[in-house]
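Close look at the chain arrangement
Below, each chain spelled out in residue letters.
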Amino acid sequence: NAVHSTGNLTASRWSCSGCSSEISSFIVSGGGSNIIESFSNTNPAAGATDLADLNVTSNGTSVSGLTHGYFCKDTTGVGALDKFAYVNTANAVGVGDLNHNYGNSRYGGSTDSVSNYGYMAGGTGNSPAIERFSFDNETISNDVGNCTSQTWTGGETMGCSSETHGYHLGKGSCLTNIDKYAFSSSGNATDVGDLTHDASNWNGNCSGSGRGNGMSSITHGYVAGGELYTDIDKFAFANESSQTDIG
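A brief report on the enclosed structure follows. (Residues numbered from 1 in each chain as written. Predicted model: local features only at pLDDT ≥ 70, side-chain atom pairs only at ≥ 80, totals over all residues. Heavy atoms only, no water.)

Counting buried residues in strand β2 (residues 24-28) gives five out of five residues, a clear majority hidden from the surface. With burial as the criterion, each face of β2 is covered, one bearing Ser 24, Phe 26 and Val 28 and the other bearing Ser 25 and Ile 27. In terms of strand pairing, strand β1 (residues 17-20) meets β2 through four bridges, oriented antiparallel. Looking at the pairing, Gly 18 lines up with Ile 27 of β2. Where β1 folds back on β2, the antiparallel hairpin that results is connected by three residues. As paired elements, β2 and strand β3 (residues 35-40) share five bridges and run antiparallel to each other. Bridge assignment links Phe 26 to a residue of β3, and that residue is Ser 38. Taking the residues between adjacent antiparallel strands as the criterion, β2 and β3 are bridged by six residues, where Ser 29 takes a positive phi near 60 degrees. (Buried < 20%, exposed > 50% of the residue type's maximum accessible area, 1.4 Å probe, protein only. Helix = DSSP H or I, 4+ residues; strand = E, 2+ residues; numbered from the N terminus. Pairing = 2+ DSSP bridges.)

This is how it looks when you write it as structure tokens:
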């Protein structure tokens, strides 16, 4: 099971989004706020500090770049993509457009750290699109494929990434699909497995719509928590068809 670090955020908020650098983790937005908080990866017990603010209050999903964090808002148009630096307290600025409104809430974000791209996929809106933007030029975003129909229709979704692929995970209302799409070439996602639980499901109760969070190690993807769900799921990038409830 997970261990409580004894550290705390500056305030309790729902529907937060997270990203990370090598030395710090960041909690973005949530609960009707525009706050960006950070805490040390090596000393989380010290708690979080209020680092900076988004330029507007919005729901959305965070994506981790090498030197900056990105927040993809639940809207389209100029400034739909916010960027903030990991190493200072300057507020985020709008740096790019999104081609799709991915819904009032959260969708699956992933990072191609080899070619320096961020990805957004699916969500609670009316688009199954997989969209990417360059960390070197955030003003341009492109559609590169679609999620499978099972993973984007209604309900909040999650994401994680290996070095070569992005993963779009589950959604609210009892879907457990794991979608996989390649970073090296444009194309639609394929359904490669299932989580052991839907991230909003608990004991067969599918009434929860709030997602958990997707996370990545070098070799595995993880899904933790959810509106009615406290388990931690783990699957290997080398074999996504086999998942384990580890805590």
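On to the environment of Phe 235. Tracing the backbone shows Phe 235 in strand β19 (residues 232-236). You can call Phe 235 buried: its relative accessible area is 1%. Distance from Phe 235 to Ser 216, taken between C-alpha atoms, is 9.9 Å for residues 19 residues apart in sequence.

Attention now moves to the environment of Asn 99. In this structure, Asn 99 sits in the loop between β8 (93-96) and β9 (108-112). Spatially, the C-alpha atom of Asn 99 lies 9.7 Å from that of Arg 132, the residues being 33 residues apart in sequence.

Within the fold, Thr 111 resides in strand β9. For Thr 111, a relative accessible area of 16% translates into the label buried. Once residues lying within four places of it in the same chain are set aside, the contact partners of Thr 111 are Val 63, Ser 64, Tyr 117, Phe 135, Ser 161, Ser 162 and Phe 183. (Contact = heavy atoms within 4.5 Å.)

Tracing the chain through its elements places Glu 37 in strand β3. Here Glu 37 falls in the buried class, since its relative accessible area comes to 0%. Polar contacts involving the side chain of Glu 37 include one to the main-chain amide nitrogen of Thr 10, which spans 2.7 Å. Sequence-distant contacts of Glu 37, defined by excluding residues within four places in its chain, comprise Leu 9, Thr 10, Ala 11, Arg 13, Ser 25, Phe 26, Ile 27, Ala 48, Thr 49 and Leu 51. (Polar contact = N/O pair within 3.5 Å; in protein donor to acceptor, adjacent residues only side chain to side chain.)

For the rest of this paragraph, the subject is unusual backbone geometry. In this model, Asn 116 sits at a positive phi of 65 degrees, which is unusual for a non-glycine residue. Look at Asn 116 and you get partly exposed, because its relative accessible area is 27%.

Limitation: the analysis is restricted to geometry and does not speak to function.
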